[in-house]
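One letter stands for each residue in the lines below.
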Amino acid sequence: MSALGGGAAGGEGINPVASVIALVIVLASVGIVFILYPAALIPLIGVIIGGVLISFGVHFVPVGGAPAAMGQAPGIATGVAMLAAGGGLAGLFGGAWAAGHGLWIALGAGAMGGGVLMAITCLMVNVVYVFEMGIPAASGKVDKDPITGDTYPAYRSQGTEGHGLPFISYVGGVLGGILAGTGGTLIYLQLLAVYQGAFASWVGITPEGVATLAVSLAGIFAVGMFLVAAVLTAYNITGTIEGPHDPKFKRWPRAVIGSSAACAACGLVAILLVVI
Amino acid sequence: MAPKIEASAGGMEHGKMLAIGLIGALICIYLVYLNTLMSTQVFAFFGGLAAVIALWWGTDSIKKLCSYGLGTGVPSAGMIALGSGVVAMLFATKLAVISPLLVPIGCVVVAAILGAILGFISDKVLNMNIPVMTRMIAELTVVGSLTMLGFTAMVAGTFSFGSLILGSISVMGLAIPSYAASVIGGCVIATIFMLGAIAIQHPFNACLGPNESWDRTQMCALECGFLSMITVAIMSIVFLSFIAVVISFVVSIILWGWSYSELIKLSKRDAFAWLDVKPIREVGGEQ
């Protein structure tokens, strides 16, 4: 599925030195914000938690890529970045709509937005696979579904890594949408709080002006950071993953460390916008 | 480490493209500042040219990065470029409170730092182990931020934060300041984000393959850039004077028409050359 047919990179294991450096980046970002603009300390931590939720959530989403489109691998037939953007941004918009109703309701709305989008996507993917391509759902990585106990080997075609969207992958997709949607909404809400607080002190600005600018800036920053966290996770997965039962799922600690550092750096820049 | 597959032989050296892209884009963005100096808006189209020059360079960076197996497809590199680029670019526009001339150079510096962090994370923390990864992600972040800054300057005629957040609406002939009618307040920036993202993702994704050739991919990049520029010119109707919009629109249309006809010529040339099925050219690597 790589660009020119080259084998995907991505070795196993954690690089301890690099991980420590990544954690230092997180701490440095938190430290700089604490010194320059203490009011944004909790929001920055919220942004980092949001990035962690996104990168952990994306690991659940069954990504099939090009092989899935040809019915040769299980999962949804597109790339990680596109799928995460679809599910997570649907959640972000759902949560942003409910931002006025308080943190927990907005986070719930974001989770439901992402979860519902992934549930519909997974359902329609299976409709296409089963009724239009005529292939049954069979996992390539496990012989028995961890939830339903269905067996797969008898349904798996020769020469393929499985096909269709098994039940465990469906559950993974919905869980991934819920987590990524919550993460995206959390980033948006935290940045919104920072900007609303900072812009309100500007001379000659109207309350409508504060609301408009804060929503626009928090929205575009949240979309940017969401894509950064999702693409870094995609690089961690290197291509396809079947869901929480896939051996690649065990790589999640790396992506969580990486995305928290990336979101800390991006969040720091986004917060410094109101400092200068 | 993934085996390296040479995308296309020949073409301009990457370092030279970097220099042309970076310096050309910066000069074009600074030319937009003539608007402020001469109290006019007709120089807005230089912003679009800056974005296209940056995209031309960024396409080669994507090609260098994606000639190693990323496993996630080409568009993901474009998404991370624009996702981090927009963060750096919006921060840089705020530097205008110190001096407007700091904005373009500040944009490059902030984007390079942010990109280097992201490149380090993907290369070392995520164990991708691709030799060019840190440099190329840093370059792509700079490209993404310059593209955003260029298109923003083209749509608004300026690149300082104060002007980007405050527009004006006309009520019975009176101009009333309005935050909602501005580039950032009206979230025109989100449309620019996607226009830039499509223009950087598409060229190499469309042209890659065994008979990929350097000049065709780069022409496709120019064509995508000018196509986005036409849309940006149409969006600038809201913010700029009539004459400035006409200049932007005519420049974009002429350049797009030229690049499109050149792209079709190059595509026909390569299609004609592709009479026999040949294996993928592989240079070096461990396979």
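Only a predicted model underlies this, so the values are computations on that prediction, with no experimental measurement involved. (Residues numbered from 1 in each chain as written. Chains lettered and ligands numbered in written order. Predicted model: local features only at pLDDT ≥ 70, side-chain atom pairs only at ≥ 80, totals over all residues.)

Participant: Now, about the overall build of chain A: what can you tell me, with residues and values included?
Facilitator: A count of helices and strands for chain A gives eight helices and zero strands. Starting at the N terminus and ending at the C terminus, chain A contains elements arranged as α-α-α-α-α-α-α-α. Overall, the C-alpha framework of chain A stretches about 70 × 40 × 35 Å when taken along its three principal axes. For chain A, the residues scored as buried account for 59% of the 276 residues in total. (Helix = DSSP H or I, 4+ residues; strand = E, 2+ residues; numbered from the N terminus. Buried ≥ 20, exposed ≤ 12 C-beta atoms within 10 Å, placed from the backbone.)

Participant: Break down the overall build of chain B for me, citing the residues and quoting the values.
Facilitator: Of regular secondary structure, chain B possesses 10 helices and two strands. What you see for chain B is a C-alpha radius of gyration of 20 Å, in line with the 19 Å of a compact globule of 287 residues. Expressed along its principal axes, the backbone C-alpha trace of chain B runs to roughly 70 × 45 × 25 Å. Going through the 287 residues of chain B one by one, you find that 59% of them count as buried. If you take every contact in chain B between residues at least 6 apart in sequence, the share linking residues at least 24 apart comes to 72%. (Rg over C-alpha atoms; globule rule 2.2 N^0.38 Å. Contact = placed C-beta atoms within 7 Å.)

Participant: Give a description of the packing of helix H2 (residues 41-58) of chain A against helix H6 (residues 167-199) of chain A that names residues and reports values.
Facilitator: Residue and element names in this part refer to chain A. Two elements in contact, H2 and H6, have axes whose closest approach is 7 Å; the angle formed by their N-to-C orientations is 165 degrees. Put simply, H2 runs roughly antiparallel to H6. Once H2 is placed against H6, the crossing between them reads as left-handed. For the pair formed by H2 and H6, the contact residues are Pro43, Gly46, Val47, Ile49, Gly50, Gly51, Leu53, Ile54, Phe56, Gly57 and Val58 on the first element and Gly176, Leu179, Ala180, Thr182, Gly183, Gly184, Leu186, Ile187, Gln190, Leu191, Ala193 and Val194 on the second. Its residues placed into classes, the contact of H2 with H6 shows 14 nonpolar, nine polar and no charged. (Axes fitted to C-alpha atoms, helices over the stretch in contact; angles between N-to-C directions. Parallel < 35°, antiparallel > 145°, perpendicular 65-115°, else oblique. Left-handed = near helix turned anticlockwise from the far one by under 90°. Nonpolar A, V, L, I, M, F, W, Y, C, P; charged D, E, K, R; others polar.)

Participant: Describe the interface of chain B and chain A, naming the residues involved and giving the relevant values.
Facilitator: One frequent convention defines the size of an interface as the accessible area lost when the parts assemble. Facing the 52 residues of chain B at the interface are 53 residues of chain A. Secondary-structure elements contributing two or more residues to the side of chain B that touches chain A are helix H4 (75-94), helix H5 (102-125) and helix H8 (188-207) of chain B. In terms of residues, the side of chain B that touches chain A owes the most to one element, H4 of chain B, which gives 12 residues. Class assignment for the residues of the side of chain B that touches chain A results in 38 nonpolar, 12 polar and two charged.

Participant: Go over the nonpolar core, please, and point to the residues and values.
Facilitator: Nonpolar side chains tend to gather and get buried jointly when the protein is soluble and globular. All names here are of chain A. Counting 199 residues, the largest nonpolar core has Leu191, Phe226 and Ala230 as the members making the most contacts within it. Top element by residues in this core is helix H7 (residues 207-237). It accounts for 19 residues. When neighbours within four sequence positions are excluded, alanine 230 is seen to be in contact with Ile54, Val58, Ala81, Ala84, Ala85 and Gly88. (Core = buried A, V, L, I, M, F, W, Y, C linked by C-beta atoms within 7 Å.)

Participant: Give me the lowdown on the environment of alanine 229 of chain A, citing residues and values where you can.
Facilitator: All names here are of chain A. Looking at the secondary structure, you find alanine 229 in helix H7. Taking the number of C-beta atoms within 10 Å as the measure of exposure, alanine 229 has 35 and is therefore buried. Sequence spacing of alanine 229 and alanine 261 is 32 residues, and the spatial spacing of their C-alpha atoms is 9.6 Å. Excluding anything up to four places from it in sequence, alanine 229 contacts Gly51, Ile54, Ser55, Ser259, Ala262 and Cys263.

Participant: Please give an account of H4 of chain B that cites residues and values.
Facilitator: With 20 residues, H4 of chain B extends 29 Å from end C-alpha to end C-alpha; this agrees with the ideal 28 Å at 1.5 Å per step. Counting buried positions along H4 of chain B yields 20 of 20 residues, so the element is predominantly enclosed. (Expected span 1.5 Å × (residues − 1).)

Participant: Go over the environment of alanine 153 of chain B, please, and point to the residues and values.
Facilitator: Residue and element names in this part refer to chain B. Here alanine 153 lies in helix H6 (residues 133-156). Judged by the 33 C-beta atoms lying within 10 Å of it, alanine 153 falls in the buried class. Along the backbone, alanine 153 and phenylalanine 46 are 107 residues apart, and their C-alpha atoms lie at a distance of 8.3 Å. Ignoring sequence-local partners within four residues, the contact set of alanine 153 consists of Ile29, Val32, Ala44, Gly47, Thr158 and Phe159.

Participant: So what's going on with the pairing of strand S1 (residues 167-171) of chain B? Residues and values would help.
Facilitator: Residues and elements named next belong to chain B. Inspection of the sheet shows S1 paired to strand S2 (residues 174-178) by five bridges, in the antiparallel sense. Considered in S2, the bridge of serine 170 is made with alanine 175. Where S1 folds back on S2, the antiparallel hairpin that results is connected by two residues, among which methionine 172 adopts a positive phi of roughly 50 degrees. (Pairing = 2+ DSSP bridges.)

Participant: Could you give an account of helix H4 (residues 80-97) of chain A, with specific residues and numbers?
Facilitator: Over its 18 residues, H4 of chain A runs 25 Å from end to end, which matches the ideal 26 Å to within 8%, given 1.5 Å per residue. Judged by how many residues are buried, H4 of chain A sits mostly within the fold: 15 of 18 residues are covered.

Participant: Outline the confidence of the model for chain A, listing residues and values.
Facilitator: Residues and elements named next belong to chain A. On average, residues of chain A score 87 in pLDDT, and 96% of them reach the 70 mark or higher. Per-element averaging of pLDDT across chain A places H4 at the bottom with 81 and H2 at the top with 94. Across residues 1-9 the pLDDT falls below 50, and counting only partners more than four positions away or on other chains, this stretch makes 43 contacts in the model. (pLDDT = per-residue confidence, 0-100.)

Participant: Explain the packing of H4 of chain B against H5 of chain B to me, using residue names and the numbers behind them.
Facilitator: Residue and element names in this part refer to chain B. The N-to-C vectors of H4 and H5 enclose an angle of 140 degrees; their axes lie 8 Å apart at closest approach. Regarding the angle of H4 to H5, the classification is oblique. Two packed elements cross with a definite hand, and for H4 against H5 that hand is right-handed. In this structure, H4 contributes Ile80, Ser84, Gly85, Val87, Ala88, Met89, Phe91, Ala92 and Thr93 to the contact, and H5 contributes Val103, Gly106, Cys107, Val110, Ala111, Leu114, Gly115 and Leu118. Classifying every residue of the contact of H4 with H5 by side-chain character gives 12 nonpolar, five polar and no charged.

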